[in-house]
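Each chain is listed here by its residues.
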Amino acid sequence: MVSILVLVITLPLLLLGYLVYARQRNERLLSHIPTPGGGHPIFGYAKEMRTGETGKWTGELIKKYGRVVRYRFLWYDYIMISDPEMVKQVLLSKEHHFTKQFFLYEMVASIFGKEGLVTITSVDHHKFTRKLVAQAFTYSNLKLYFPIFTGLGQKLLSRWDECASSHTRVEVSEDLSLCTMDIIGRA
C-alpha cells in the first residue's frame, strides 16, 4: 500500500520536474530569438490566436520583432519565419533538420488524412509528393485553364459590383471558396 502511495506522489512530481527542465532547456536554446512579452504562463498567446485576428497579430509581431519571431501557443514554443530565403531552407534545402511530428500535425492529419501534402511527416515522401503535384501546376498546364479562371473571376466581380450598388454585405472568404470550388468543378 505504501509503495502505491509513493508511486502516485512520485510520478506526478517527476513529470512536473521534467516539464520544468524541458521548458528551461528550450528557453536557453531559443533565447536569441525575439519574443513578445506577456501572454498567459500556460496558454501563451492562445487568446490572440483565437480572436480571428491572427493575421493582424502575426503581422504586428513581424513589424515589431523582425522576420523571425518566437511565441508560445498552449504548451509549445513556435518559431514564425517570414523571410523567404529561410522558409525555402526549412521547406526545401534543409528539410531533414525540421520535423513535423507534434500534436498540431496529428490533429490536422486526423481530420484530413495522413497522406496529404501538408500532413506528410516523412521528408522523402513529402518531396516525392510535392514534385508529383508540381507537374500539374506548370505554366503550360495552367494556361489551359485561364479562360475558366478569368470567366469565373469576372462573374464573381460582377456579383460584387451588384452587391456594392445595392449596399449588400459580401462574405469575401465564402465567395472566394465557392469560386475556387466552381473552378475545380469545371476544370
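Every chain is numbered on its own, with residues counted from 1 as its sequence reads. In keeping with the predicted nature of the model, local features appear solely for residues at pLDDT of at least 70, side-chain atom pairs appear and are counted solely at 80 or more, and the whole-chain, interface and lining totals rest on all residues. Hydrogens and water molecules were not included; the side-chain quantities draw on all heavy atoms of the structure.

A. The overall build of the protein chain, seen in detail. When helices and strands are counted, the protein chain shows nine helices and two strands. Secondary structure follows DSSP: runs of H or I at least 4 residues long count as helices, runs of E at least 2 residues long count as strands, and numbering of each begins at the N terminus. Starting at the N terminus and walking to the C terminus, you meet the elements of the protein chain as α-α-α-β-β-α-α-α-α-α-α. We call a residue buried when its accessible area falls under 20% of the maximum for its residue type, exposed when it is over 50%, and partly exposed in between, using a 1.4 Å probe and counting protein chains only. Scored against the burial criterion, the 187 residues of the protein chain give a buried share of 18%. The long-range fraction of contacts in the protein chain, counting pairs at least 24 apart against all pairs at least 6 apart in sequence, stands at 47%. The Shrake-Rupley method, run with a 1.4 Å probe sphere, supplies the accessible areas, and residue values consider only the shown protein chains as cover. Element-wise, carbon and sulfur atoms account for 65% of the exposed surface of the protein chain, whose accessible area totals about 14,300 Å². We call two residues in contact when some of their heavy atoms are within 4.5 Å.

B. The side chain of aspartate 83, seen in detail. Relative to the assigned elements, aspartate 83 resides in the loop between β2 (76-81) and α4 (84-93). Any pair of nitrogen or oxygen atoms within 3.5 Å is treated as a polar contact; in protein, a donor-acceptor pairing is required on top of that, and neighbouring residues in sequence qualify only through side-chain atoms on both sides. Of the polar contacts made by the side chain of aspartate 83, one reaches the backbone nitrogen of glutamate 85; its length is 3.0 Å. A distance of 2.9 Å separates a polar atom in the side chain of aspartate 83 from the backbone nitrogen of methionine 86.

C. Broad picture of the nonpolar core. Within the largest apolar cluster, seven residues are counted, these being Tyr45, Trp57, Leu61, Val69, Tyr71, Tyr78 and Met80. Of all the elements in the fold, those that place two or more residues in this core are α3 (54-65), β1 (68-73) and β2. Once residues lying within four places of it in the same chain are set aside, the contact partners of tyrosine 45 are Pro36, Gly37, Gly38, Gly39, Trp57, Tyr71, Arg72 and Phe73. For this analysis, a nonpolar core means a set of buried residues of the types Ala, Val, Leu, Ile, Met, Phe, Trp, Tyr and Cys, connected via side-chain atoms within 4.5 Å.

D. The arrangement of the pattern of salt bridges in detail. Take a side-chain nitrogen of Lys or Arg and a carboxyl oxygen of Asp or Glu: if they are within 4 Å of each other, that pair is a salt bridge. Scanning the entire structure with this criterion turns up three salt bridges. Note that aspartate 83 and arginine 67 form a salt bridge whose closest N and O atoms lie 3.2 Å from each other. Here arginine 67 lies in the loop between α3 and β1 and aspartate 83 lies in the loop between β2 and α4, a separation of 16 residues in the sequence. Since its relative accessible area comes to 17%, aspartate 83 is described here as buried. Across the pair glutamate 171 and arginine 169 runs a salt bridge, and its minimum N-O distance is 3.4 Å. By relative accessible area, which is 38% here, glutamate 171 ends up partly exposed. With a relative accessible area of 70%, arginine 169 lands in the exposed category.

E. Region of interest: unusual backbone geometry. Even without a glycine there, the phi angle at histidine 167 is positive, about 55°. Within the element layout of this structure, histidine 167 appears in the loop between α8 (146-165) and α9 (172-186). Residue histidine 167 is classed as exposed on the basis of its relative accessible area, which comes to 76%.

F. Seen up close, a nonpolar patch on the surface. Taken together, Phe128, Leu132, Val133 and Phe137 make up a surface patch of nonpolar side chains, about 420 Å² in accessible area. Relative to the elements of secondary structure, phenylalanine 128 occurs in helix α6 (residues 123-134). Judged by relative accessible area, which is 54%, phenylalanine 128 ranks as exposed. Every patch collects residues that have over 30% relative accessible area and no salt bridge, joining them within 9 Å if they carry like charges and within 5 Å if they are nonpolar side chains (Val, Leu, Ile, Met, Phe, Trp, Tyr).

G. A look at the packing of α8 against α9. Relative to each other, α8 and α9 sit at 150°, their axes nearing to 10 Å. Taken together, the axis directions place α8 and α9 in an arrangement best described as roughly antiparallel. Handedness of the α8/α9 crossing: right-handed. Of α9, the residues touching α8 (which contributes Ile148, Phe149, Leu152, Lys155, Leu156, Arg159 and Trp160) are Val172, Asp175, Leu176, Cys179, Asp182, Ile183 and Arg186. Only Asp, Glu, Lys and Arg are considered charged, only Ala, Val, Leu, Ile, Met, Phe, Trp, Tyr, Cys and Pro nonpolar, and every remaining residue, Gly among them, polar. Within the contact of α8 with α9, the residues separate by chemical class into nine nonpolar, no polar and five charged. Simply put, an axis is a line fit to the C-alpha atoms, just over the touching stretch for a helix, and the angle between two N-to-C directions goes from 0 to 180 degrees. Each angle gets one of four labels, with under 35 degrees taken as roughly parallel, over 145 as roughly antiparallel, 65 to 115 as roughly perpendicular, and the rest as oblique. Two helices cross in a left-handed way if the nearer one is turned anticlockwise from the farther one by less than a right angle. They cross in a right-handed way if the turn is clockwise.

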